[in-house]
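# Topology and contacts: notes
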Amino acid sequence: MKITGARVIVTCPGRNFVTLRIETDQGVYGIGDGTLNGRELSVVAYLEEHVIPCLIGMDPRRIEDIWQYLYRGAYWRRGPVTMRAIAAVDMALWDIKGKMAGMPVYQLLGGRSRDGIMVYGHANGSDIAETVEAVGHYIDLGYKAIRAQTGVPGIKDAYGVGRGKLYYEPADAALPSVTGWDTRKALNYVPKLFEELRKTYGFDHHLLHDGHHRYTPQEAANLGKMLEPYQLFWLEDCTPAENQEAFKLVRQHTVTPLAVGEIFNTIWDAKDLIQNQLIDYIRATVVGAGGLTHLRRIADLASLYQVRTGCHGATDLSPVTMGCALHFDTWVPNFGIQEYMRHTPETDAVFPHDYHFEHGELFCGETPGHGVDIDEKLAAKYPYKPAYLPVARLEDGTMWNW
Ligand SMILES: O=C(O)C(=O)C[C@H](O)[C@H](O)CO
Ligand SMILES: [Mg+2]
């Protein structure tokens, strides 16, 4: 069996997605996601100029060998562009293998470990009252777990506060827009949100919060401690993780569970965090961390240390990644939770899929492969549109972490 062709499809049904389609001499094709929010065309070039020419003629059944070829063979290892390109190929190859075997991908991984996938939705508001209302909306929709983000008085466009109730798209401008940050104001306000949420809705639902890399380790420890009475499911990205040791200080001071990893590319980004049990949830996902082939390696390491998975699932990961993540979640023994930020109806139409939401859970389908396709005719109606994630600055103008 041989790969006879591969092409990249860029489409923007409300936001940009980079999709790889791999074709074979047996008429079976596979689909993969390589979207890198705000840097999409770098992955397109990497795939078109440097990956696709090497793939032609290879045996698509050799998923592991092709992964190693693209990772080791490039010499230049890791990084978001390389690993997303590898992920796109990997997803497409698992799709092909599933179609050839007549089995959904979760069966190829080892079979079902659970029936449904618990997901968390995003409740945002410009202040505490609005966020409390937004959380109620998700409870009404049947969610068991909800991430709550609030605007903070005096901070311009704080992280996570979107427009509308269900859809959130941070890449909102042709050049990065500038948002603000003030740690003191946030530390004084965020705990009050969770106090109000527990007062209003009790303790039956899981609540999550994303610090979006904004706090120093000491500030993150302080926030984690202040949030303890409200028993969060997790506090995410409380401090930047380039220095994995930074989490030691946070861990020493708080029992609030910690999650990190949506921007991790490989197992090496998470190795010390996992082995030292500095985190409780690993947020790496299929498109970010080199596809299913590499993600399951991260999950296996994590399982040795009782760290559970919590795949990133924002809207900048296409339905193709969501489909693959749901097969992974259905199989992975140390599953924790899956993020589910809904795609718009336009995106869902471009990417027909067989997963569905019910009572706070997502379910992958039984279609052979990963169960997600692309309608290329429809995709062509939405050409690429430059869009950037915002940047953040402190009040005095200093660049900060977004
Ligand atoms: O989903 C999350 O937890 C995020 O932090 C979302 C990110 O802001 C988004 O994926 C950036 O592209
Ligand atoms: Mg996040």
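Reference entry: report on the structure contained in this document. Bear in mind that the values here come from a model prediction, so they are computed numbers and not experimental data. (Residues numbered from 1 in each chain as written. Chains lettered and ligands numbered in written order. Predicted model: local features only at pLDDT ≥ 70, side-chain atom pairs only at ≥ 80, totals over all residues. Heavy atoms only, no water.)

### Thoughts on the pattern of salt bridges
For clarity, the threshold we go by: Each reported salt bridge corresponds to a side-chain nitrogen of Lys or Arg within 4 Å of a carboxyl oxygen of Asp or Glu. In this description a helix means any DSSP run of H or I spanning at least four residues, a strand means any run of E spanning at least two, and both kinds are numbered starting from the N terminus.
Per the stated rule, a full pass over the model turns up 23 salt bridges. A salt bridge links R62 to D65, with the shortest nitrogen-to-oxygen separation between them at 3.3 Å. Where R112 meets E366, a salt bridge forms, and the shortest distance between an N and an O atom there is 3.3 Å. Note that R112 is positioned in the loop between α4 (105-109) and β4 (117-125) and E366 in the loop between β14 (361-363) and α13 (376-379), a separation of 254 residues in sequence. Each of R7, R21, E23 and E376 takes part in a single network of salt bridges with overlapping partners.

### Looking at the packing of aromatic side chains
Basically, it comes down to this: Pairing of aromatic side chains here covers Phe, Tyr and the six-membered ring of Trp, requires ring centres within 6.5 Å, and sorts the geometry by plane angle: under 30 degrees stacked, over 60 edge-to-face, intermediate tilted.
Taken as a whole, this structure holds twelve aromatic pairs when the rule is applied. By way of ring pairs, the aromatic residues Y120, F233, W234 and Y281 are connected into one cluster.

### So, the layout of surface pockets
Worth spelling out the cut-off: Cavities and pockets are found on a 1 Å grid laid over the protein atoms alone: a cavity is a set of points where a 1.4 Å probe fits but cannot escape, a pocket is an open set with protein on both sides within 12 Å along at least five of seven lines, and a lining residue has an atom within 4 Å of such a point. Grid points are joined across faces, edges and corners, and a volume is the space filled by probe spheres set on the points.
Counted as a void, the largest pocket has a volume near 900 Å³. Taken together, 37 residues make up the lining of the largest pocket; nearest its centre are N37, H212, I263, L389 and W402. Sorting the residues of the lining of the largest pocket by element identifies α3 (80-101), β15 (391-394) and β16 (399-400) as the ones contributing at least two each.

### Topic: the site of ligand 1
In plain terms, the rule: By convention in this text, a residue qualifies as near a molecule or strand provided that one of its non-hydrogen atoms is within 4 Å of it. Polar contact criterion, stated in full: a pair of N or O atoms within 3.5 Å, where within protein one must be able to donate a hydrogen and the other to accept it, and residues adjacent in sequence count only if both atoms are side-chain atoms. For the area figures, the Shrake-Rupley method with a 1.4 Å probe applies, and any residue is considered shielded solely by the protein chains shown. Should more than half of a molecule's atoms lie within 2 Å of a pocket's or cavity's grid points, that molecule is taken to sit in it.
Taken together, 15 residues lie near ligand 1, and N37, Y159, E262, D316 and E339 sit nearest. Between R147 and ligand 1, the recorded distance is 3.2 Å, taken from a side-chain N or O atom to an oxygen atom. In the model, an oxygen atom of ligand 1 is placed 3.1 Å from a nitrogen or oxygen of the D210 side chain. Protein chains bury 95% of the 330 Å² of accessible surface belonging to ligand 1 in isolation. The cavity where ligand 1 resides is the largest pocket.

### Here we look at the environment of M341
Which entries qualify depends on this criterion: Whether a residue is buried, partly exposed or exposed follows from its accessible area with a 1.4 Å probe, protein chains only, as a fraction of its type maximum: under 20%, in between, or over 50%, in that order. By definition, residues are in contact when any of their heavy atoms lie within 4.5 Å.
Take M341: it is sitting in the loop between β12 (335-339) and α12 (345-350). Since its relative accessible area comes to 5%, M341 is described here as buried. Measuring from C-alpha to C-alpha, the distance between M341 and E169 comes to 9.7 Å, with 172 residues separating the pair along the chain. If we skip the residues at most four places from it in the chain, M341 touches H122, Y168, G313, A314 and T315.

### Quick look at the environment of P13
Considering the arrangement of structural elements, one finds P13 in the loop between β1 (3-11) and β2 (17-24). Owing to a relative accessible area of 2%, P13 belongs among the buried residues under this scheme. For P13 and S126, which are 113 residues apart along the polypeptide, the C-alpha to C-alpha distance reads 26 Å. For P13, the contacting residues outside a window of four places in its chain are T344, E346, T347, V350 and Y382.

### A word on helix α5 (residues 128-140)
Note the threshold: Given a helix with a known number of residues, its expected span is that number minus one, times 1.5 Å.
Its 13 residues give α5 an end-to-end C-alpha distance of 18 Å, which sits within 8% of 18 Å, the value for a rise of 1.5 Å per residue. Summarising the contacts, the buried residues of α5 are in contact with β4, β5 (145-150) and α6 (183-201).

### Some remarks on the sheet that holds β2
Our working rule: Strand pairing requires that DSSP identify at least two bridges connecting the strands. Lines fitted to C-alpha atoms define the axes here, with helix axes fitted over just the stretch in contact, and angles between the N-to-C directions of these axes take values from 0 to 180 degrees.
Across the sheet, three strands lie side by side as β1-β2-β3; this open sheet has antiparallel pairing. The open sheet has two edge strands, β1 and β3 (29-33), and neither has a second partner. On average, each strand axis in the sheet is inclined to that of its neighbour by 20°, with strand direction left out of account. Where α3 meets the sheet, it contacts β1, β2 and β3, and its direction lies at approximately 145° from that of β3.

### Quick look at the sheet that holds β16
The sheet built from three strands is open, its strands ordered β6-β15-β16 with mixed pairing. Where the open sheet ends on each side, the last strands, each with one partner, are β6 (178-181) and β16. As defined by bridge partners, β6 adjoins β15 across four bridges and the pair is classed as parallel. In the strand pairing of β15, V178 is matched with V391.

### As for the coordination of the magnesium ion (ligand 2)
The following threshold applies: For Na, K and Ca the donor cutoff is 3.2 Å, while for all other metals N, O and S atoms must lie within 2.8 Å; water is not among the atoms, so some sites may look incomplete.
Taken together, D210 (OD), E236 (OE) and E262 (OE) make up the full set of protein donors to the magnesium ion (ligand 2), lying 2.0 to 2.2 Å away. When the donor residues of the magnesium ion (ligand 2) are listed from N- to C-terminus, their spacing reads D-x25-E-x25-E. A residue pair is termed long-range when its members are at least 10 positions apart, and E236 in strand β8 (residues 234-236) and E262 in the loop between β9 (258-260) and α9 (271-275) qualify at 26 residues. For the residue pair E236 and E262, the accessibility class agrees, reading buried in each case.

### Thoughts on unusual backbone geometry
Not every positive phi belongs to a glycine, and Q231 is a case in point at roughly 45°. Here Q231 shows up in the loop between α7 (217-227) and β8. Phi at Q306 takes a positive value of approximately 60°, unusual for a residue other than glycine.

### Focus on α6
The first and last C-alpha atoms of α6 sit 27 Å apart over 19 residues, in line with the 27 Å expected at 1.5 Å per residue. The complete set of buried residues in α6 reads T183, A186, L187, Y189, V190, P191, L193, F194, L197 and R198. On its buried face, α6 sits against α5, β5, β6, β7 (206-210) and α7. Downstream of α6 by a residue or two, G202 has a phi angle that is positive, lying close to 75°.

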